[in-house]
Amino acid sequence: MDKPLSLDPSGKIGLRRLRQSRAIRELTREVRPSHAQMIQPHFVVEGIRERESISGMRDVYRETTETLLNQVEKDLKAGIGKILLFSVPVDRGTNRFSFDFSANQIAALKRNFGDSLWLSADVCLCSHTTHGHCGILNESGDHIQNDLSVSTLAEQAVAFAEAGADCVAPSDMMDGRIGVIREMLSRRGHERTLIMSYSAKFCSKFYGPFREAAESAPKGTESKLKDRASYQIDPSRPKDAYLSSLRDSDEGADILMVKPGLCYLDVLKELSVRIAKPWAVYQVSGEYAAIELMADQGLMDRRGAHLEVWTAFVRAGASIIITYAARWAREWMTE
Ligand code: PBG
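My aim in this report is to walk through the structure given alongside it, one point at a time. (Residues numbered from 1 in each chain as written. Predicted model: local features only at pLDDT ≥ 70, side-chain atom pairs only at ≥ 80, totals over all residues. Heavy atoms only, no water.)

1. So, the packing of aromatic side chains
Right, on to step 1. Counted by the stated rule, this structure contains 11 aromatic pairs.
Right, on to step 2. Note on Phe86 and Phe210: the rings are 4.9 Å apart at their centroids and 75° apart in plane angle, and the pair reads as edge-to-face. Separated by 124 residues along the polypeptide, Phe86 in strand 4 (residues 82-88) and Phe210 in helix 6 (residues 208-213) bring together distant segments of the chain.
Right, on to step 3. Judged by its relative accessible area of 16%, Phe210 falls in the buried class.
Right, on to step 4. An angle of 55° between the planes, with centres 5.7 Å apart, marks the rings of Tyr288 and Tyr324 as tilted. Placement of the pair is Tyr288 in helix 9 (residues 285-296) and Tyr324 in the loop between strand 12 (320-323) and helix 11 (326-334), with a sequence separation of 36 residues. (Phe/Tyr/Trp six-rings, centres within 6.5 Å; stacked < 30°, edge-to-face > 60°. Helix = DSSP H or I, 4+ residues; strand = E, 2+ residues; numbered from the N terminus. Buried < 20%, exposed > 50% of the residue type's maximum accessible area, 1.4 Å probe, protein only.)

2. Here we look at the site of the ligand
Right, on to step 1. Around the ligand lies a shell of 18 residues, among which Lys201, Arg211, Lys259, Ser285 and Tyr324 are the nearest.
Right, on to step 2. One of the side-chain N or O atoms of Gln232 is found 2.8 Å from an oxygen atom in the ligand.
Right, on to step 3. Of the residues in the shell around the ligand, the class split is 10 nonpolar, 3 polar and 5 charged. (Near = heavy atom within 4 Å. Polar contact = N/O pair within 3.5 Å; in protein donor to acceptor, adjacent residues only side chain to side chain. Nonpolar A, V, L, I, M, F, W, Y, C, P; charged D, E, K, R; others polar.)

3. Section: the side chain of His42
Right, on to step 1. Take His42: it is sitting in strand 1 (residues 38-45).
Right, on to step 2. What His42 contacts, discounting residues up to four positions off in sequence, is Leu68, Gln71, Val72, Asp75, Ile83, Leu84, Leu85, Phe86 and Arg327. (Contact = heavy atoms within 4.5 Å.)

4. What to know about the environment of Val180
Right, on to step 1. Within the secondary structure, Val180 is located in helix 5 (residues 177-187).
Right, on to step 2. What makes Val180 partly exposed here is its relative accessible area of 34%.
Right, on to step 3. The spacing of Val180 and Leu153 is 27 residues in sequence and 9.0 Å in space, taken between C-alpha atoms.
Right, on to step 4. Not counting residues up to four positions away in its chain, the partners in contact with Val180 are Val150 and Ala154.

5. Description of the packing of helix 2 (residues 65-77) against helix 3 (residues 100-113)
Right, on to step 1. Packing of helix 2 against helix 3 leaves a shortest axis separation of 11 Å and a crossing angle of 40°. With respect to helix 3, the axis of helix 2 lies oblique. The element helix 2 and its partner helix 3 pack so that their crossing is right-handed. Residues Thr65, Leu68, Leu69, Val72, Glu73 and Leu76 of helix 2 lie in contact with helix 3, whose contacting residues are Phe101, Gln105, Ala108, Leu109, Asn112 and Phe113.
Right, on to step 2. The residue makeup of the contact of helix 2 with helix 3, split by class, is 8 nonpolar, 3 polar and 1 charged. (Axes fitted to C-alpha atoms, helices over the stretch in contact; angles between N-to-C directions. Parallel < 35°, antiparallel > 145°, perpendicular 65-115°, else oblique. Left-handed = near helix turned anticlockwise from the far one by under 90°.)

6. A closer look at the state of the cysteines
Right, on to step 1. What the rule picks out here adds up to 0 disulfides.
Right, on to step 2. Not engaged in a disulfide, the cysteine Cys124 finds its nearest cysteine sulfur in Cys134; these two sulfurs lie 3.6 Å apart.
Right, on to step 3. Looking at Cys167, it has no disulfide partner, and the nearest cysteine sulfur is the one in Cys124, 15 Å off. (Disulfide = S-S within 2.5 Å.)

7. Overview of the nonpolar core
Right, on to step 1. Core analysis: the biggest nonpolar cluster contains 101 residues, and Phe43, Leu109, Met196, Tyr282, Trp310 and Ile322 have the highest contact counts within it.
Right, on to step 2. Sorting elements by how many residues they give to this core places helix 4 (residues 146-163) first, with 8 residues.
Right, on to step 3. In this structure, Tyr282 is in contact with Pro41, Leu84, Phe86, Tyr198, Met257, Val258, Lys259, Pro260, Gly261, Glu287, Ile322 and Tyr324, ignoring residues within four places of it in sequence. (Core = buried A, V, L, I, M, F, W, Y, C linked by side-chain atoms within 4.5 Å.)

Below, the structure is given as structure tokens:
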């Protein structure tokens, strides 16, 4: 039998040579996500007796103060020492809030784990307001008041820094909050507290499971605003994401963020080139649940799927990945 005609007699176009074995594939990788760049989010909820599961979110819980400490300890053993904390207090308000529950959780974590734990805390009002919006509503219920919300958010940020947070992470999307938070932190002696701004946070449908976990979906009759479109960025406006990130950077954010991840890889890629600060990307609750639910149906290998997504994030320019699957990262990456 004749040898089949070769399309490549000189062997010059043979890209498959570098794909043929695990060894050469490992050697030629351009990006390698690492568990060292991951942040594990946690929810801690006041007034519950036992931890509660969240729809679609495998192994993620609404924790009690005690179960949170146990979980963080377990995660530290798995090599995950960086967290993002969301606290859900019992009391809700409209324009006056107590941040004591959240601050107490931060203090307890720091007391227990000291410097082995790097703690960032979400700064936002959506788990504190009766209506679930991220800021303070006006009397007629049709507008979130910017400046009033910003001064409250700054109080919250200072309370978290005082409790020992290494980093505050404002996710509310009010105008000018980074500048005011930076100023307030400095005045109160917290010059070293980092600010990670959710600077390119889009108005997304992928936050569904989170809103169940944080009891933060816009609700009730008080507010005429049924969604967060008047403060989060429209998915079709990448320029808005650029302006928002540039402004937050100028106002003193140390770390910028794109959120969600997969739908906004183009934004991450472009902005991380244009603005020379560390970029974080948030693989949000709906993105996590999509993989986990498919895996439950036998339609996807969860380890492989998460690794593929993280690889895309690093390729697009992220140095920090916030993901609910962080606690498996080290194990998965050494398999
Ligand atoms: C609150 C906040 C949200 C997330 C982080 N902080 C949800 C929202 O804006 O409604 C989403 C995180 C996730 O879905 O995992 N402002």
